[in-house]
Amino acid sequence: MNKREKNFFKGILIVLFLIFVFRQCYNWWEKAGEEKPRGPYSSSSSIQEAKKQHVYLGSYIPDTKTYYSADASDSFQLAEIWIEKNKNSVKEYPSESDYKYILSMSFVRLTKNDLHKFRVLPYHPMEFAEFADENARVRFLTNELKDNLKIEVLERNPKDQKVWTTEKSIDTITLVRK
């Protein structure tokens, strides 16, 4: 074999090796995604599931179930709101495991863009971390268990290039623990 053929053969071996490594990494990534729930931490997808897992602590009732955009062209509707014990392990979710509780707000009906037009954020000084997942819920991590909570509803201007920097507060969700 001449030098050119050797280099060509080495090149083919390198390409095959890279394809093999890429495929192994892809398979590992896909498997890891299937084992963990979607999102940065795990929680129940409903009150019934929270009760089955023995993490349910109580429910909240909102002052109203439906919230509208500023021009009343779009809305979302709340379903269940509950608080549960945070059972996330330090090994799998190191920063999320520091919180004692998870507040979940589930929705009966979302907007056309799956809440893309709205955000819901707790009023400060409560220290919450927000995350939405595939179960049409917004979850908040907290260390406080309060009887009354206020959640701010923010709306973005979808026609604005700056997106969330021009959002405005349009409503407040008042939650009362039952």
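Residues numbered from 1 in each chain as written. Predicted model: local features only at pLDDT ≥ 70, side-chain atom pairs only at ≥ 80, totals over all residues. Heavy atoms only, no water.

1. Brief notes about the confidence of the model for the chain
Now for step 1: Scored by pLDDT, the chain has a mean of 77; 73% of the residues are at 70 or more.
Now for step 2: Mean pLDDT values over the elements of the chain span from 51, in strand 6 (residues 129-133), up to 95, in strand 1 (residues 56-62).
Now for step 3: Within the model, the stretch residues 34-38 combines pLDDT values under 50 with eight contacts to residues more than four positions away or in other chains. (pLDDT = per-residue confidence, 0-100. Helix = DSSP H or I, 4+ residues; strand = E, 2+ residues; numbered from the N terminus. Contact = heavy atoms within 4.5 Å.)

2. Considerations on the nonpolar core
Now for step 1: Grouped together as the largest cluster of nonpolar side chains are 18 residues, with contacts concentrated most on Phe-76, Leu-78, Leu-103, Val-120, Ile-173 and Leu-175.
Now for step 2: Only strand 3 (75-85), strand 4 (101-109), strand 7 (137-142), strand 8 (148-155) and strand 9 (168-177) provide two or more residues apiece to this core.
Now for step 3: Beyond its immediate stretch of four places on either side in the chain, Leu-175 contacts Tyr-60, Ile-61, Pro-62, Ile-81, Leu-103, Asp-147, Asn-148, Leu-149 and Ile-151. (Core = buried A, V, L, I, M, F, W, Y, C linked by side-chain atoms within 4.5 Å. Buried < 20%, exposed > 50% of the residue type's maximum accessible area, 1.4 Å probe, protein only.)

3. What about the side chain of Ser-44?
Now for step 1: Turning to its location among the elements, Ser-44 is positioned in the loop between helix 1 (3-35) and helix 2 (47-52).
Now for step 2: By relative accessible area, which is 0% here, Ser-44 ends up buried.
Now for step 3: In terms of polar contacts, Ser-44 uses its side chain to reach the side chain of Gln-53, at 3.3 Å.
Now for step 4: Excluding residues within four positions of it along the chain, Ser-44 makes contact with Glu-49, Ala-50, Gln-53, Val-55, Trp-82, Glu-84, Ser-104 and Arg-137. (Polar contact = N/O pair within 3.5 Å; in protein donor to acceptor, adjacent residues only side chain to side chain.)

4. Examining a nonpolar patch on the surface
Now for step 1: A surface patch of nonpolar side chains, about 850 Å² in accessible area, is lined by Met-1, Phe-8, Phe-9, Ile-12, Leu-13, Val-15, Leu-16 and Ile-19.
Now for step 2: One can find Phe-8 in helix 1. (Patch = residues over 30% accessible without salt bridge, like charges linked within 9 Å, V, L, I, M, F, W, Y side chains within 5 Å. Areas by Shrake-Rupley, 256 points an atom, 1.4 Å probe, with all protein chains shown as cover. Salt bridge = Lys/Arg side-chain N within 4 Å of Asp/Glu carboxyl O.)

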